[in-house]
Every structure is written in C-alpha cells, then in structure tokens.
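Okay, here's what each chain looks like letter by letter:
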Amino acid sequence: MKTIIEPFKIKMVEPIRMTTREEREAAIRKAGYNLFKLPAEDCLIDLLTDSGTGAMSAEQWAGMMRGDESYAGARSFFRFESVTKRLTGMRHILPTHQGRASERILFGVLGGPDKVFPSNTHFDTTRANIEFGGGRAVDLVDPAGKDPTLIAPFKGNMDIAALERLIAEVGPANIPLGATTVTNNAAGGQPVSMANIRQTRDVLHRHGIPFFIDCARFAENCWFIKMREPGYADRSLESIAQEMFALADGCWMSAKKDALVNIGGFLAINDDDLAARCRQMLVLTEGFPTYGGLAGRDLEAIAQGLIEVLDEEYMRYRIRSIEFLAERLVAGGVPIFQPAGGHAIYLDARRFLPHVPAERFPGQSLAVALYLEGGVRSVEIGSVMFGRRDPDGRFVGAANELVRLAIPRRVYTQSHIEYLVEVILEVFAGRDAIGGLKFDFEAPILRHFTSTFLPA
Ligand SMILES: *Cc1c(COP(=O)(O)O)cnc(C)c1O
C-alpha cells in the first residue's frame, strides 16, 4: 500500500511565525504559564482545540459568496435544510450559532429541577446547560472507557446495564431524554458502536424516553464503525450516518467540528410539538427560523462541509494521520490514552512525569514543556481544569492528568505531525528535569482559563 497523502492541495497559505526558545520562554512567563493566555501568533503548532479551527475548501468559500442574506426564506437556508434533512432524516431543522445554543434551547424546553439526563458522557457545555436549569446530567460510559491502557474498538459506548439501573432508580417520567455523544469527546474522543447506539435506543424507547444524539463528530464516528464493526466495511459513510440518525428522535450538532466550518450548529427534531416549542425559543434568542444564529453564507458553508466530511479519502487521511502520531509516540515509550481518538491524542501526564505530584500539576507542566521545546500549544485536562479544594481548603486532584493535542481539520500536513513527534520525544527524553508548577493567581471559577502559575 502506498503512503496515504493529504487528499487536497493548498490554494491559500497562512504563515507560521517561527520563534526561538528564548522568545517562547519570555512569552510563557508573560502568560503566567497558562497557554490560554498566549497570543496565537506565538504558537507554531496550535492544538488547543479542533473546534472552529478547520480550513474550508474552495467550494465552501464559493458558497460564502453565493450566500443569500434574505431575512426570511433565503435560498441558502433551503440548501442547508435539504442537506441536513437528507443526512439526519429529521422533520425539523433549526439553525443555531453553535452547539451550546442548540443545547440551551433543547434543555431550556425539556430541563428543570428533578429532571435527569443520562448520556455516555456529557460534553462540558451540555452538562452546564442541563445543570443551569436545575437538572442532573449523568455520565454512564462503559467501564472499558475509563482504562487509559486498554485497547478496545468502542471505548465511548454507553454502559447499558447502568442505564437500565438509572431508569429503574429515578423513573422514566423524570427522564425527558437520553443522549449519546459521538464520538465521546469528554472521554478520549472514543467512538460508539452502532450496536450500542441501537441498544441505548431500545432501552430508552421501551420506557417511552426519547433518544437524541450529540453529533459534533458523527462522521469520524461513522468511519470507526466502518473500520471496526462487523458488517459495515462495504457501506458508504453517508449510509452509515443515515442508519445511525434513523435510530434517534433528534440530534444537535456543533458544526465547528465535523461540518468543517468556523462557526455554526443546528438542532434537528422529529416530534412536531417539541420542534414548535424549540422554535419559539430559537426566535427569542437566536433569530428567525430560516437563519437562526447564522448568516446565509454560513448556512452554505455548513451544507457543503457536511457533504465533504463524508468523503472517505478525507477521513482516511484524517484518522490515519492521528493514528500515525499515536503509533510513533507509543513506539517511543510515551504514555498516551489508548487507542488514539478521532480528533485528538491524549498524553498521560501522570505516567509521563511520575515525579510531579498532582498538586504540582503534571499536565500543566507537560503542556508548558511542549510549548518551550517546540512552540506546540496543547491543553491540560487534569487537576488545573477539574481539581478543586475541599471545604477545609485542601487540594483534591482530578481523576486523570491528561494533556490533549487536538488536531484541527485540513490545517496541518504530515511534516507538521512529524515535527510534533520529534518535539514530544525530545520532551520525553528530558522529562526528569521537568519540574512542577504552583498557582500564582487561582481563579475562583473555570480556573484553567485565567489562572496564572509560577515554577514550583
Ligand atoms: C464542541 C461540542 C459541543 C458544544 O459546541 P460549541 O459549538 O462549542 O458550542 C457540544 N458537544 C460536543 C460533543 C462538542 O464537542
């Protein structure tokens, strides 16, 4: 087999500003050792997130020019609606400005005190929108998904027995809907099998509970189903996606992921009554039903992106490039969350820096080291993000100390990935000399965004 190449050529380039180690030392000190506070221009390879950071195609940019900006009934809306309806099979499509706007509308209508929402794992904005209304968000990922070293095909699956127990415990009347997130972003970007999605639907429907899909990375999930689940090897990604959506009563999407655009989202619903109630909320806070929170040009770009993301040559390149990164790291002895996720690699900082205790933030220390070594910006998902203090002010660490390297879509080439491997292996070779960090300023809420640190 020949090398899997990027299935595109480059029409427009954006320069990367090269920096020296001295410049990076000054920049990270100025940023208080918090990578969120770095100007993007000071990052050579920016892997902070895969959300809204992708590159659009020539056809998407052409669509931007064709965008119909009529207030009501714009041609661009009907194109967007026909593509999303064909994909999801849903009767009602509501455009929103991004994923969390869909969540706020849906859980604003269905949520409330005493309401319980099970999921394989809620993404943080989903959880926040459920909890904002007083509801309870319950994560029920299969136990296999919690073991960072286990190699298994579908570690994003729902724990079906736990779902049954939860329904028995709280009663179906208190569960307005159950959801599955594909791929499971908050749990290592791991995929969910079609069989598990069907079982989840069956259990929920047996109790009269609607089933929704948080489909931000639906196409990556469909690729894993095609590669790993018996019976799907010869099916097109589109037909796998259609089979998956046909199991659901609705879905919501952050188009900033698998719709290959920089902003956008939608909420798709089958039930006429629920759709009517959501549409009222849409008009209140997003916009008229045929544009929602978006411009006509954005609707065009999403419609085109949803077609392009199902191109198998694109997906083969994307998943292979991330797998290649994982293989090279594992071969070099670097501890990572196994197997590689659909959109990211997660370094296991606890095993990478065993001499740095949780209260000295091994994930943050590793992220800073990657930046100093090669200008790589990653994100800590550990005790800075999820650690807390108990009522006596004592430090309580997070369950895992991870560093996520999220790969933007169609932005970096194979040589960028090879550079990344070199940087990580170099940092791994010098890991014994990496010290921990302590808070300089500890922000009271969402502390990973604004806290600052000092070398400990
Ligand atoms: C990004 C994301 C969201 C939220 O979408 P935004 O566009 O960032 O508001 C919801 N669910 C999942 C799984 C996501 O990855």
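Everything quoted here is computed from the prediction, not taken from an experiment.

A. Focus on the domain arrangement of the protein. The domain boundaries assigned to the protein delineate domain 1 (21-50 + 311-455) and domain 2 (58-308). Here the C-alpha centre of domain 2 lies 28 Å away from the C-alpha centre of domain 1. Each side of the interface is counted separately: domain 1 has 22 residues, and domain 2 has 30 residues. Here domain 1 meets domain 2 over a buried area of about 2100 Å², counting both sides, of which 54% is carbon and sulfur. Taken together, the connections running from domain 1 to domain 2 amount to six salt bridges. Asp 258 is paired through a salt bridge with Arg 409; the nearest N and O atoms lie 3.2 Å apart. Taken together, the connections running from domain 1 to domain 2 amount to 14 residue pairs in polar contact (both at pLDDT 80 or more).

B. Representation of a nonpolar patch on the surface in the model. Together, Ile 445, Leu 446 and Phe 449 make up a nonpolar patch on the protein surface, roughly 340 Å² of accessible area in all. In this fold, Leu 446 is placed in the loop between strand S15 (437-441) and helix H16 (447-450).

C. Geometry of the pattern of salt bridges. A full pass over the atoms with the stated rule returns 31 salt bridges. Close ionic contact of Arg 320 with Glu 323 constitutes a salt bridge, the shortest N to O distance being 3.1 Å. Here Arg 320 pairs with Glu 323, and both are found in helix H12 (residues 312-331), just three residues apart, close to one helical turn. Its relative accessible area of 25% is what places Arg 320 among the partly exposed residues. Residue classification places Glu 323 among the partly exposed residues on the basis of a relative accessible area of 31%. One salt bridge connects Arg 447 with Glu 442, and the closest N-O pair in it is separated by 2.7 Å. When its relative accessible area of 8% is taken as the criterion, Arg 447 is described as buried. A relative accessible area of 29% places Glu 442 in the partly exposed class. One connected set of salt bridges, linked through shared partners, spans Asp 50, Arg 217, Glu 220, Asp 258, Arg 318 and Arg 409.

D. Representation of the site of the ligand within the structure. The environment of the ligand is made up of 14 residues, and the closest members are Arg 100, Asp 214, Arg 217, Ser 254 and Lys 257. Between the ligand and the protein, one listed contact pairs an oxygen atom with a side-chain N or O atom of Asn 185 at 3.0 Å. Within the contact set of the ligand, an oxygen atom lies 2.8 Å away from a side-chain nitrogen or oxygen of Lys 257. The fraction of the free accessible surface of the ligand (370 Å²) that becomes covered by protein chains is 98%. Looking at which element gives the most residues to the shell around the ligand, the answer is helix H4 (residues 99-110), with three residues. The residue makeup of the shell around the ligand, split by class, is two nonpolar, six polar and six charged.

E. Inspection of the pairing of strand S8 (residues 265-269) at higher detail. In terms of residue burial, S8 counts as a mostly covered element, since five of its five residues are buried. Side-chain alternation along S8 places Gly 265, Leu 267 and Ile 269 on one buried face and Phe 266 and Ala 268 on a second face that is also buried. Relative to S8, strand S2 (residues 92-96) runs antiparallel, the two being bridged by five bridges. Counted as the bridge partner of His 92 is Ile 269 from S8. In this structure, strand S7 (residues 250-254) lies alongside S8, joined through five bridges in antiparallel fashion. Among the inter-strand pairings, Gly 250 is bridged to a residue of S8, identified as Ile 269.

F. Summary view of the packing of aromatic side chains. Within the structure shown, the criterion is met by 17 aromatic pairs. Here Phe 36 and Phe 449 contribute two aromatic rings whose centre-to-centre distance is 4.9 Å and whose plane-to-plane angle is 80°, an arrangement assigned as edge-to-face. Of this pair, Phe 36 sits in the loop between helix H1 (21-30) and strand S1 (45-46) while Phe 449 sits in helix H16, and the two are 413 residues apart along the sequence. The class for Phe 36 is partly exposed, based on a relative accessible area of 29%. Aromatic side chains Phe 352 and Phe 428 sit 5.0 Å apart centroid to centroid with 70° between the ring planes, which places their arrangement in the edge-to-face category. Remark: Phe 428 occurs in helix H15 (residues 414-429) and Phe 352 occurs in helix H13 (residues 349-352); sequence separation between them is 76 residues. Judged by relative accessible area, Phe 352 falls into the buried class, the value being 0%.

G. Here's a closer look at the environment of Ile 167. Relative to the elements of secondary structure, Ile 167 occurs in helix H6 (residues 160-170). When the C-alpha atoms of Ile 167 and His 207 are compared, they prove to be 8.2 Å apart, with 40 residues separating the residues in sequence. The residues touching Ile 167, leaving out its near neighbours within four places in the chain, are Pro 172, Ile 175, Val 203, Leu 204, His 207 and Ile 209.

H. Spatial organisation of helix H3 (residues 75-88). Compared with an ideal rise of 1.5 Å per residue, which puts 14 residues at 20 Å, H3 spans 20 Å between its outermost C-alpha atoms and is within 8% of the ideal. Within the span of H3, buried status applies to Ser 76, Phe 77, Phe 80, Glu 81, Val 83, Thr 84, Leu 87 and Thr 88. Just downstream of H3, Gly 89 is the residue with a positive phi angle, here 70°.

I. Representation of the nonpolar core within the structure. Membership of the largest hydrophobic core comes to 64 residues, with the highest contact counts inside it found for Ile 213, Phe 218, Met 244, Phe 245 and Leu 306. Among the domains, domain 1 (21-50 + 311-455) and domain 2 (58-308) are the pair contributing at least three residues each to this core. Among all residues touching Phe 245, those that are not within four sequence positions of it are Leu 87, Thr 88, Met 90, Ile 213, Cys 215, Phe 218 and Cys 251. Formed by 49 residues, the second largest nonpolar core is a distinct cluster that contains Leu 44, Val 356, Tyr 371 and Ile 417.

Cut-offs used in this document
- Residues numbered from 1 in each chain as written.
- Predicted model: local features only at pLDDT ≥ 70, side-chain atom pairs only at ≥ 80, totals over all residues.
- Heavy atoms only, no water.
- Domains from an automatic or database assignment.
- Contact = heavy atoms within 4.5 Å.
- Buried area = accessible area lost by both parts, 1.4 Å probe.
- Salt bridge = Lys/Arg side-chain N within 4 Å of Asp/Glu carboxyl O.
- Polar contact = N/O pair within 3.5 Å; in protein donor to acceptor, adjacent residues only side chain to side chain.
- Patch = residues over 30% accessible without salt bridge, like charges linked within 9 Å, V, L, I, M, F, W, Y side chains within 5 Å.
- Areas by Shrake-Rupley, 256 points an atom, 1.4 Å probe, with all protein chains shown as cover.
- Helix = DSSP H or I, 4+ residues; strand = E, 2+ residues; numbered from the N terminus.
- Buried < 20%, exposed > 50% of the residue type's maximum accessible area, 1.4 Å probe, protein only.
- Near = heavy atom within 4 Å.
- Nonpolar A, V, L, I, M, F, W, Y, C, P; charged D, E, K, R; others polar.
- Pairing = 2+ DSSP bridges.
- Phe/Tyr/Trp six-rings, centres within 6.5 Å; stacked < 30°, edge-to-face > 60°.
- Expected span 1.5 Å × (residues − 1).
- Core = buried A, V, L, I, M, F, W, Y, C linked by side-chain atoms within 4.5 Å.

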